Structures are given as structure tokens and as C-alpha cells.
Amino acid sequence: MNAVLTSIQIFKAKGEPGTVLSEAEAVPDHGLTGDRHCMEDLKPISLSDAGLQEWNRAQEYDALCFHRFKTNLTIENLGKLSLKQGDQIRIGDRVVLEISGAFKKCYRDQCELYNHGVHCPLPGHMLFAVCRVGGAVREGDEVAHIPEK
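Residues numbered from 1 in each chain as written. Predicted model: local features only at pLDDT ≥ 70, side-chain atom pairs only at ≥ 80, totals over all residues. Heavy atoms only, no water.

**Observations regarding the environment of Leu 21**
Relative to the elements of secondary structure, Leu 21 occurs in strand E2 (residues 19-21). The class for Leu 21 is partly exposed, based on a relative accessible area of 23%. In sequence terms Leu 21 and Glu 60 are 39 residues apart; their C-alpha atoms lie 29 Å from each other. Aside from chain neighbours lying at most four places away, what touches Leu 21 is Ile 8, Ile 10 and Glu 139. (Helix = DSSP H or I, 4+ residues; strand = E, 2+ residues; numbered from the N terminus. Buried < 20%, exposed > 50% of the residue type's maximum accessible area, 1.4 Å probe, protein only. Contact = heavy atoms within 4.5 Å.)

In C-alpha cells form, the structure reads like this:
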């Protein structure tokens, strides 16, 4: 089953809703042009699996972290790539991202899911990446894990 880029969003300012795009420019050693995190060193691009978003919509209780974590690139079947820090992925024909970390914090004391005993898959499954080879990313681009050399 192939991984596919299904959604692109940039966030221009903290607290504002994202802008949905069909295409964005990935800047080498940084993130996506126009996003407020573009020039950060370790986590300028955020990635999530489309399945996490579907899971969240199906929940009876509010998943706090889904409101706090803003996803730049939503990728169908991202979880099937089994990525870890240091791994690289190719998006489309050219763009290469390197996984720089994962969202790990759980706000248990503030989360309705936790307080109702619902296991949240978010920690560890929302990833951060840095662009290593720049270019345009587009909705519908295939995403592939680049094997280590």
C-alpha cells in the first residue's frame, strides 16, 4: 500500500487557522515557505497520518492534542512507513525530508480522552521533519521511505 500526500497546510501566525494549499515549496534545511515554523532548526515541518485525523473525528470525547498539534503535511499510510528519527522520505520526484523527531507530550491532566480511559495514538505518531532536498510538494504526491545507504 503506497503512502500519499493528501493535504498541505501552512500556519502563518500562532493561534490562526491554517491555510490549505494544493502545493507548497519546501526550503532546504528548513520547512515550507510561508509557514511560521519554516526557519526552525529541528521541527519546521509537521507530519501526520490521515488515519489519525479520521480516528479523532470518530471520538466521543475531545482529544486535546489534536487541537494543539498543527499538521503541515497529512499523509495517507504514513504509519506503514515505520519511520524513526534520522530516516528520510521522498515526496514526489524530488523533495527529501529527514525525520527530526516525534510529538511525545501528553497533556493528561487536561485531556478528556485520558480522563475517560480512551487510549490516544497521537504521542509518537505525529512527526517532525527538516527539508534536505527542496522543491514543490503537491497533493497526490507519492511518499516513500528512502532506505539507508
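**Quick word on helix H1 (residues 50-57)**
Within the sequence span of H1, burial applies to Ala 50, Leu 52 and Asn 56. Axial view of H1: buried residues confined to an arc of 160°, hence all on one face. (Arc of directions from axis to C-beta.)

**Some points on the environment of Trp 55**
Structurally, Trp 55 can be placed in helix H1. The class for Trp 55 is partly exposed, based on a relative accessible area of 23%. In contact with Trp 55, other than residues within four places in its own chain, are Phe 66, Leu 113, Val 118, His 119, Cys 120 and Pro 121.

**Concerning the side chain of Ser 48**
By the secondary structure assignment, Ser 48 is in strand E4 (residues 45-49). By relative accessible area, Ser 48 is classed as buried at 0%. Only 3.3 Å separates the side chain of Ser 48 from the side chain of Thr 71, close enough to count as a polar contact. Leave out the neighbours within four places in its chain, and Ser 48 touches Gln 53, Thr 71, Leu 73, Thr 74, Ile 75, Leu 78 and Met 126. (Polar contact = N/O pair within 3.5 Å; in protein donor to acceptor, adjacent residues only side chain to side chain.)

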